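Here is what each chain is made of, one letter per residue.
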Amino acid sequence: MSARQLVLRQRAELLHALCCGGSSEGLESVLDLLLSWGMLFWEDYQNVRVPGCALCADTRVLLDLVYTKGDETCLLLLVAFKQLLSCLIATTPVRERRRLKVMHPPIHNPTKPVRRLIDRIEGALEFLLNTGSFTPSDCDEVQLLVFTPSQQVTNRTLRPV
C-alpha cells in the first residue's frame, strides 16, 4: 500500500486527531513541518489556513493537498503527524497519556502494508538527512516512535553511524 493510499484510508482518523479539541495548534505544527521539509510552499500554507474557515475545513484542504502532491508528501505528512503525537504525549499529564497511547498503540507486529510503509519511512528519513532537513538525532527520534525496540537495534546495526 502506498503512502497516498494509507493517507486516504486513514483520512477520518487524521481529520479527527488534528481537529479534536478545537485548537489549530496540531494543524499548524504539521503545516510548519511540511513547510520546513520543502513539501509545501508558502502559497499552499495560505490556501490551507484561510481566515474565517473552520478548523476541520482547513484540515480537509491540507489532506486533499497532500494527497495530490503524491507519495513522498503523504509519507512526510504521516511522519509529521507521528512527531506531533509524540510531542502531545510528552506534554500531556500521565493520567491522560494512557488514553493517547490506547488511541495510537505502537506497531509491534505490523502487517505487510505497514512493513512496506516502514521501509519507506527509512527512505524519507534518509532523504531528510541528506538534504540537511533532519539531523541524525531527529531521525533517531522518529524511529523511536515508529519502530519497536528490537527493530531499532536491527536498524542501527544495518545503518552506518
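The structure displayed is predicted, hence computed values, not measured ones. (Residues numbered from 1 in each chain as written. Predicted model: local features only at pLDDT ≥ 70, side-chain atom pairs only at ≥ 80, totals over all residues. Heavy atoms only, no water.)

J.: Tell me about the nonpolar core, and name the residues and values.
T.: Side chains of a nonpolar character, in soluble globular proteins, are inclined to be buried together. In terms of nonpolar packing, the biggest core is built from 39 residues, with Val30, Leu34, Trp37, Leu62, Leu76 and Leu77 touching the most fellow members. Of the residues forming this core, the biggest block, 9 residues, is contributed by helix 6 (residues 71-90). Residue contacts for Trp37: discarding those within four places in its chain leaves Leu76, Val79, Ala80, Gln83, Leu128, Ser133 and Phe134. (Core = buried A, V, L, I, M, F, W, Y, C linked by side-chain atoms within 4.5 Å. Buried < 20%, exposed > 50% of the residue type's maximum accessible area, 1.4 Å probe, protein only. Helix = DSSP H or I, 4+ residues; strand = E, 2+ residues; numbered from the N terminus. Contact = heavy atoms within 4.5 Å.)

J.: Now, about the environment of Val66: what can you tell me, with residues and values included?
T.: Assignment of secondary structure puts Val66 in helix 5 (residues 55-69). Look at Val66 and you get buried, because its relative accessible area is 0%. In this structure, the C-alpha to C-alpha distance between Val66 and Leu76, residues 10 residues apart in sequence, is 9.3 Å. Dropping the residues within four chain positions of it, Val66 is found in contact with Leu34, Thr73, Cys74 and Leu77.

J.: Could you give an account of the packing of helix 3 (residues 25-36) against helix 5, naming the residues involved and the relevant values?
T.: Packing of helix 3 against helix 5 leaves a shortest axis separation of 11 Å and a crossing angle of 25 degrees. With respect to helix 5, the element helix 3 is oriented roughly parallel. Here helix 3 runs over helix 5; the crossing is left-handed. Side by side, helix 3 and helix 5 meet where Leu27, Val30, Leu31 and Leu34 of the first sit next to Leu55, Asp58, Thr59, Leu62 and Val66 of the second. (Axes fitted to C-alpha atoms, helices over the stretch in contact; angles between N-to-C directions. Parallel < 35°, antiparallel > 145°, perpendicular 65-115°, else oblique. Left-handed = near helix turned anticlockwise from the far one by under 90°.)

J.: A description of helix 2 (residues 11-19) should follow, citing residues and the corresponding values.
T.: Of the positions making up helix 2, those classed as buried are Leu14, Leu15, Leu18 and Cys19. Along helix 2, the residues classed as buried sweep out an arc of 115 degrees about the axis, all on the same side. Positioned one or two residues after helix 2, Gly21 has a phi angle of 90 degrees, which is positive. (Arc of directions from axis to C-beta.)

J.: Before we move on, could you go through the pattern of salt bridges and cite the residues and values that matter?
T.: Taken as a whole, this structure holds 4 salt bridges when the rule is applied. Here Asp64 and Arg11 are joined by a salt bridge, their closest N and O atoms 2.8 Å apart. Here the residue Asp64 occupies a position in helix 5, and Arg11 occupies one in helix 2, the gap between them amounting to 53 residues. The partner of Lys69 in a salt bridge is Asp44, and the shortest N-O contact between them spans 3.1 Å. Of this pair, Lys69 sits in helix 5 while Asp44 sits in helix 4 (residues 42-48), placing them 25 residues apart in sequence. For Asp44, a relative accessible area of 11% puts it in the buried group. A cluster of three or more residues bridged by salt bridges with shared partners is formed by Glu28, Arg49 and Asp58. (Salt bridge = Lys/Arg side-chain N within 4 Å of Asp/Glu carboxyl O.)

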